[in-house]
Amino acid sequence: EHLAWLLQKDVMGQDIFLIGPPGALRRQLALAYCELTNREYEIVSLSRETTDSDLKQRREIIDGGTAVYVDQAPVKAALNGSVLILDGIEKAERNVLPILNNLLENREMGLSDGRFLVAPERYDELLSNSSFCETNADGLERVHSDFQIIALGLPVPSFPGFPLDPPLRSRFQARYISNPTPRDQLSSLIRSDDRVSSKQSDLLNDKH
């Protein structure tokens, strides 16, 4: 049911927020969704130490001692049309939330090397305008139309963290992902391995 819901959001081109208690299920669902849709993905594990450089570009030294700007996961996902998985969004500090909000709402981001990410519709509109020559497009980067964001987070409260601001929260289509019950986990094991089903039958026979 969760994967069917995710595929519906894929068809509608909407960003997703999977919220639920601690556990690996939310990340597993996001990765399974990428596998089913044959999509590449980038993962960012957010924390209190995450800075704008971790979301935009880092300055790195390459061979010869030259310093260059290197695109980080959100930028690469936006340009390549990949799925950006934001794990632990409730840990993001207030200084990085405006960056995420602008990327969600407007598909825009200013980069340290002078480039500027522009939403695909806005970029195409600019190029179709006769008064906007191509030279004015220097430095503008078109965000891929397939770019999508999946945020993973805990409910705050009752877990510690920063609650999402209503404007940021409204950018997502949210779904609560609860951990599977022991019965559901057993059913999953039975479906994946016949030996588990045989073992269960032996246990039931022993009881009788």
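See above for the structure.
It should be emphasised that the depicted structure is a prediction, and the values quoted were computed from it without experimental measurement. (Residues numbered from 1 in each chain as written. Predicted model: local features only at pLDDT ≥ 70, side-chain atom pairs only at ≥ 80, totals over all residues. Heavy atoms only, no water.)

**Focus on the overall build of the protein**
- Along the protein, the regular secondary structure elements total nine helices and ten strands.
- Across the protein, every contact between residues at least 6 apart in sequence was considered, and the portion connecting residues at least 24 apart equals 71%.
- Surface exposure of the protein reaches about 12200 Å², of which carbon and sulfur atoms provide 48%. (Helix = DSSP H or I, 4+ residues; strand = E, 2+ residues; numbered from the N terminus. Contact = heavy atoms within 4.5 Å. Areas by Shrake-Rupley, 256 points an atom, 1.4 Å probe, with all protein chains shown as cover.)

**With respect to the packing of helix α1 (residues 2-12) against helix α2 (residues 25-36)**
- Contact geometry for α1 and α2: axes closest at 10 Å, N-to-C directions at 55°. The orientation of α1 with respect to α2, classified from their angle, is oblique. Both α1 and α2 take part in a crossing whose hand is right-handed. Every residue of α2 that contacts α1 at His 2, Leu 3, Leu 6, Leu 7 and Asp 10 is listed here: Leu 29, Ala 32, Tyr 33 and Leu 36.
- Considering only residue class, the contact of α1 with α2 consists of seven nonpolar, one polar and one charged. (Axes fitted to C-alpha atoms, helices over the stretch in contact; angles between N-to-C directions. Parallel < 35°, antiparallel > 145°, perpendicular 65-115°, else oblique. Left-handed = near helix turned anticlockwise from the far one by under 90°. Nonpolar A, V, L, I, M, F, W, Y, C, P; charged D, E, K, R; others polar.)

**Considerations on the sheet that holds strand β9 (residues 148-153)**
- Judged by pairing direction, the sheet is parallel, and its five strands sit side by side in the order β2-β5-β9-β1-β10 without closing on themselves. The sheet is open, and its two borders are formed by β2 (41-45) and β10 (173-176), each paired with just one other strand. Averaged over all pairs of adjacent strands, the angle between their axes in this sheet comes to 20°, without regard to strand direction.
- The pairing of strand β1 (residues 16-19) with β9 spans four bridges and is classified as parallel. What sits directly across from Leu 18, in β9, is Leu 152. (Pairing = 2+ DSSP bridges.)

**Digging into the packing of aromatic side chains**
- With the rule as written, the count across this model stands at one aromatic pair.
- For the ring pair Phe 17 and Phe 172, a centre distance of 5.6 Å and an interplane angle of 45° mean the geometry is tilted. Here Phe 17, found in strand β1, pairs with Phe 172, found in the loop between α7 (166-169) and β10; they are 155 residues apart in sequence, far enough to count as distant.
- For Phe 17, a relative accessible area of 5% translates into the label buried.
- Note that Arg 59 overlies the ring of Tyr 69, its terminal NZ or CZ placed 4.8 Å from the centroid. (Phe/Tyr/Trp six-rings, centres within 6.5 Å; stacked < 30°, edge-to-face > 60°. Buried < 20%, exposed > 50% of the residue type's maximum accessible area, 1.4 Å probe, protein only. Lys NZ or Arg CZ within 6 Å of the ring centre and 35° of its normal.)

**Some remarks on the layout of surface pockets**
- What the largest pocket holds in volume is close to 330 Å³.
- Lining the largest pocket, in full, are Glu 1, His 2, Leu 3, Leu 25, Leu 29, Pro 180, Asp 184, Gln 185, Ser 187, Ser 188 and Arg 191.
- In terms of residues, the lining of the largest pocket owes the most to one element, helix α8 (residues 182-192), which gives five residues.
- Each residue belonging to the lining of the largest pocket can be placed in one class, and the counts come to four nonpolar, four polar and three charged.
- Taken together, 13 residues make up the lining of the second largest pocket; nearest its centre are Gly 13, Arg 107, Ser 145, Asp 146 and Phe 147.
- Considered class by class, the residues forming the lining of the second largest pocket number four nonpolar, four polar and five charged. (1 Å grid on protein atoms, 1.4 Å probe; cavity = no way out; pocket = protein on both sides within 12 Å on 5 of 7 lines; lining within 4 Å. Points joined across faces, edges and corners; volume = space filled by probe spheres on them.)

**Quick notes on the pattern of salt bridges**
- Under the definition given, this model contains ten salt bridges.
- One salt bridge in this structure joins Asp 87 and Arg 27, with 2.5 Å as the shortest N-O distance. Of this pair, Asp 87 sits in strand β5 (residues 83-87) while Arg 27 is found in helix α2, placing the two residues 60 residues apart along the sequence. (Salt bridge = Lys/Arg side-chain N within 4 Å of Asp/Glu carboxyl O.)

**Here we look at the nonpolar core**
- Within the largest apolar cluster, 29 residues are counted, with the highest numbers of intra-cluster contacts made by Leu 46, Leu 84, Leu 86, Phe 147, Ile 149 and Phe 172.
- Listing elements by their share of this core, those giving two or more residues are β1, α4 (73-80), β5, α5 (97-105) and β9.
- The element best represented in this core is α5, accounting for five residues.
- Residues within four places of Leu 86 in sequence aside, it is in contact with Val 44, Leu 46, Leu 100, Ile 149, Ile 150, Ala 151 and Leu 152.
- Judged by nonpolar contacts, the second largest core, of 13 residues, contains Leu 29, Ile 85, Ile 150 and Ile 177. (Core = buried A, V, L, I, M, F, W, Y, C linked by side-chain atoms within 4.5 Å.)

Keep in mind these numbers describe shape, not what the thing actually does.
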